[in-house]
Amino acid sequence: MKIRDIRAVLFDMDGTLVDSDAVVDRSWSTWATEYGLSPADVLAVAHGNPAVATVAHFLPNLSDSERAVAGARVLDLECDDLSDVVPTPGAHELIATLDRLGLPWAVYTSAPNRLAKVRLEAAGISPSILVTIDDVAHGKPDPEGYLRVAELVGVDIQHCLVVEDTQVGLAAGRASGATTAGLKGVPADIRLPDLHHLVQLFTE
């Protein structure tokens, strides 16, 4: 698949369109400390994974209601901390380029709807189509979310480019059948130093 054959771009949110890495680190570190866990161990799993999966991984012996409380706690921490949530380098330029070229784009994130909306707003990004972990039965690395968002965009997944920054997210993109682009050195069909590079590829 060549870049000129791409008909839609499907973005992850955290670490891809929105620079929220510092907030994720702070929130999950606080949560880990409160639950007597190693922040480093939790952070090694939390990025890119649905929060419910991270909570279940580290607190497998809790009841469903106790895990729900634990999940609500980290959500509150993340939603209340927007001090340095900004667009990633090249994000606004890329969105403007896609809009100018008439290429639809959308966001699929492992974050719940409440968190996704406040972070996207903080970064000044307004997708017309947003799919969150609240909208799917199976989160990343399952391909369900990317298949769903491609359906909403109205473009066959084989003509979509999935842009991600984590192994788990790119696994979802690959499993969906999309072409993949990876940030932060994560292996993908296209490796991106930043989103500026994707602007260049679309405008060459």
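Anything mentioned here points back to the structure above.
Predicted model only: the values in this text are computed from it and were never measured.

About the cut-offs
Residues numbered from 1 in each chain as written. Predicted model: local features only at pLDDT ≥ 70, side-chain atom pairs only at ≥ 80, totals over all residues. Heavy atoms only, no water. Buried < 20%, exposed > 50% of the residue type's maximum accessible area, 1.4 Å probe, protein only. Helix = DSSP H or I, 4+ residues; strand = E, 2+ residues; numbered from the N terminus. Pairing = 2+ DSSP bridges. Axes fitted to C-alpha atoms, helices over the stretch in contact; angles between N-to-C directions. Parallel < 35°, antiparallel > 145°, perpendicular 65-115°, else oblique. Left-handed = near helix turned anticlockwise from the far one by under 90°. Contact = heavy atoms within 4.5 Å. Nonpolar A, V, L, I, M, F, W, Y, C, P; charged D, E, K, R; others polar. Phe/Tyr/Trp six-rings, centres within 6.5 Å; stacked < 30°, edge-to-face > 60°.

## A word on the pairing of strand β4 (residues 105–108)
Side chains W105 and V107 project from β4 onto one buried face, and the interleaved A106 and Y108 project onto a second face that is buried too. Bridge analysis of strand β1 (residues 8–11) against β4 gives three bridges, and the strand direction is parallel. Residue pairing for β4: F11 is matched across the bridge by V107. Two elements, β4 and strand β5 (residues 130–131), share two bridges in a ladder whose sense is parallel. Considered in β5, the bridge of V107 is made with L130.

## Quick word on the sheet that holds β5
Read across the sheet, six strands follow the order β5-β4-β1-β6-β7-β8 without closing on themselves; strand pairing throughout is parallel. Where the open sheet ends on each side, the last strands, each with one partner, are β5 and β8 (190–191).

## Some remarks on the packing of helix α3 (residues 51–58) against helix α4 (residues 64–79)
Contact pair α3 / α4: the axes reach a minimum separation of 10 Å and the direction vectors enclose 125°. Taken together, the axes of α3 and α4 lie oblique to each other. When you trace α3 past α4, the crossing you get is right-handed. Contacts from A51, V55 and A56 of α3 reach α4 at R67, A70, G71 and V74. Grouping the amino acids of the contact of α3 with α4 by side-chain chemistry returns five nonpolar, one polar and one charged.

## Regarding the environment of S128
Inspection of the secondary structure puts S128 in the loop between α6 (113–122) and β5. You can call S128 exposed: its relative accessible area is 70%. Put simply, S128 and A172 are 44 residues apart on the chain and 22 Å apart in space, counted from C-alpha to C-alpha.

## Details of the packing of helix α1 (residues 21–34) against α4
Two elements in contact, α1 and α4, have axes separated by 9 Å at closest approach and are oriented at 145°. The chirality of how α1 crosses α4 is right-handed. Along its contact with α1, which presents V23, V24, S27, W28, T30, W31 and E34, the element α4 presents A70, R73, V74, L77 and E78. In the contact of α1 with α4, the residues fall into seven nonpolar, two polar and three charged.

## Examining unusual backbone geometry
Geometrically, the link from K140 to P141 is a cis peptide bond, its omega value of 15° lying close to zero. By the element assignment, P141 lies in the loop between β5 and α7 (144–153).

## Topic: the packing of aromatic side chains
Taken as a whole and judged by the stated rule, the model has four aromatic pairs. With centroids separated by 5.1 Å and ring planes inclined at 75°, the aromatic side chains of W28 and W31 adopt a geometry described as edge-to-face. With W28 and W31 both in helix α1, this residue pair falls three residues apart, about one helical turn. Across the pair, exposure class does not vary: W28 and W31 are buried alike. Between Y108 and Y146, the ring centres sit 4.9 Å apart and the planes meet at 85°, which makes this aromatic pair edge-to-face. A residue pair is termed long-range when its members are at least 10 positions apart, and Y108 in strand β4 and Y146 in helix α7 qualify at 38 residues. For the pair shown, Y108 and Y146 are each scored as buried.

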